[in-house]
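Understanding the architecture of this molecule
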Amino acid sequence: MSGGRRFLVLLAAVALLAATGTLAVLHAAGQARGARADGPPVRAGTVTLGAQPDGPRLVFRSMTWGPDRDELASVPLRHPDDTRTAASAPTCLRFHAAAGTGICLQAVHGLVQDGYRAVVLDAALHEVRHYDLAGIPTRARVSPSGHLVAWTVFLSGDSYAGGSFSTRTSVLDTRTWTRQEDLEDDAVTLDGAPYRSPDVNVWGVTFADDERFYATVATGGRTYLAAGDVTRRTLTTVHGNVECPSLSPDGTRIAYKKRVPGLPDDAPWRLYVLDLRTMAESATAEQRDVDDQALWLDGRTLAYALPGDDGTDVWSVPADGSGAPALLVHAALAPAVVR
């Protein structure tokens, strides 16, 4: 065989190997993007935070391993096991949305070290503004009107379970782009008296409207549900042993995680509901450790994340203590109901 013919054969072999490798990569990518036998079905498409003509949808961070991990995905709220629609951007660690406004807390990968930022999204998932974060994202909420956004980060430590951690919670007004960087600067009233202490931490905002909110205030080794006022910059405790509150749509109840005596230090919480009119609290039927800020799917049902094969799954349970927990969405985290 001549040298020229050998070269042509070698060139053809290289081309064949390259084509085979490309097909293998494309096949693997297709498998990872929802065709995985044990994963939820996924299709690329448009995810919107605006009005949903076909009924409410659940938008969440996808936890499926593969190229669509951490992207936002959505499913019909009435049929959460349907094929999920995944957007190619943005990617979020924590997410929430209301009235066409979204908040996406995301990682920013740098050459030297990674950082984090809060990205305000419009209804089409386009970035409106972003803000650098001082720590690891952990909680995010948008007010019912979409005008206020809150987020919490860990400044030190990485879990609420231990006693050694510090948080920072910020509130942003999307109408004026004014930001209160740390709710710990608010005037705190504890058990009816003004209170100041360097160990105060605030986290887990849930909005009633554009003026009032609830959050957890921690100090002296105890946690409290506090009623907050955005304009007056005040926090007033109203109940003890409340973490990561979530206000019901009608504003009468708070879902929260409660530390229950006798449980392990690394799994101390159960999911409870507090009636704000009577201050009576009741346990839900969920008996596992819930380290999450629950979401009200409607006036009767709560959703929350629990560990799963892909990291976390979203479960649901009736808020009144009846029924039993049920798997809502596999491989998902940080859901929001978009109507």
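Please refer to the structure placed before this passage.
Figured I'd write up the structure that's included with this text. Keep in mind it's a predicted model, so treat the numbers as computed, not measured.

Strand order in this open sheet of 4 strands is β5-β6-β7-β8, and the pairing throughout is antiparallel. For this open sheet the edge positions go to β5 (94-98) and β8 (127-133), each flanked by a neighbour on one side alone. For this sheet, the mean inter-axis angle between neighbouring strands, taken without regard to orientation, is 20 degrees. With 5 bridges connecting them, β5 and strand β6 (residues 101-108) associate as antiparallel partners. Bridge pairing links H96 to I103 in β6.

With that out of the way, let us pick up empty space enclosed by the protein. Scanning the entire structure with this criterion turns up 2 cavities of 30 Å³ or more. Approximately 80 Å³ is the volume found for the largest cavity. Lining of the largest cavity is provided by R94, F95, T138, R139, A140, R141, D292, Q293, L295, A334 and P335. Put simply, the parts of the chain that give the lining of the largest cavity at least two residues each are β5, β9 (136-142) and β27 (332-338). When residues of the lining of the largest cavity are assigned to their parent elements, the largest contribution, 4 residues, is made by β9. Counted by class, the lining of the largest cavity contains 5 nonpolar, 2 polar and 4 charged residues. Approximately 30 Å³ is the volume attributed to the second largest cavity. Surrounding the second largest cavity, R139, A140, R141, A150, W151, T152, G204, V205 and Q293 form its lining. Secondary-structure elements contributing two or more residues to the lining of the second largest cavity are β9, β10 (148-156) and β15 (201-207).

What follows covers the side chain of Q180. Mapped onto the elements of the fold, Q180 is located in strand β12 (residues 178-180). If we ignore the near neighbours within four places in the chain, the residues touching Q180 are T169, S170, V171, D186 and R233.

On to the nonpolar core. In terms of nonpolar packing, the biggest core is built from 19 residues, with L49, V59, L72, F95, L121 and L125 touching the most fellow members. At the level of elements, β5, β7 (115-121) and β27 are the ones that each hand at least two residues to this core. If one sorts the elements of this core by residue count, β27 sits on top with 4 residues. Once you skip the residues sitting within four places of it in the chain, L121 turns out to touch L72, P90, F95, G100, T101, G102, C104, H126, E127 and V128.

As paired strands, β7 and β8 are joined by 6 bridges and run antiparallel to one another. Bridged to V120 within β8 is R129. With antiparallel pairing between neighbouring strands as the criterion, β7 and β8 make up a hairpin whose turn holds 5 residues, including L125 at a positive phi of roughly 70 degrees.

Procedures and definitions
- Residues numbered from 1 in each chain as written.
- Predicted model: local features only at pLDDT ≥ 70, side-chain atom pairs only at ≥ 80, totals over all residues.
- Heavy atoms only, no water.
- Pairing = 2+ DSSP bridges.
- Helix = DSSP H or I, 4+ residues; strand = E, 2+ residues; numbered from the N terminus.
- Axes fitted to C-alpha atoms, helices over the stretch in contact; angles between N-to-C directions.
- 1 Å grid on protein atoms, 1.4 Å probe; cavity = no way out; pocket = protein on both sides within 12 Å on 5 of 7 lines; lining within 4 Å.
- Points joined across faces, edges and corners; volume = space filled by probe spheres on them.
- Nonpolar A, V, L, I, M, F, W, Y, C, P; charged D, E, K, R; others polar.
- Contact = heavy atoms within 4.5 Å.
- Core = buried A, V, L, I, M, F, W, Y, C linked by side-chain atoms within 4.5 Å.
- Buried < 20%, exposed > 50% of the residue type's maximum accessible area, 1.4 Å probe, protein only.

Coordinates in, geometry out; function isn't part of it.
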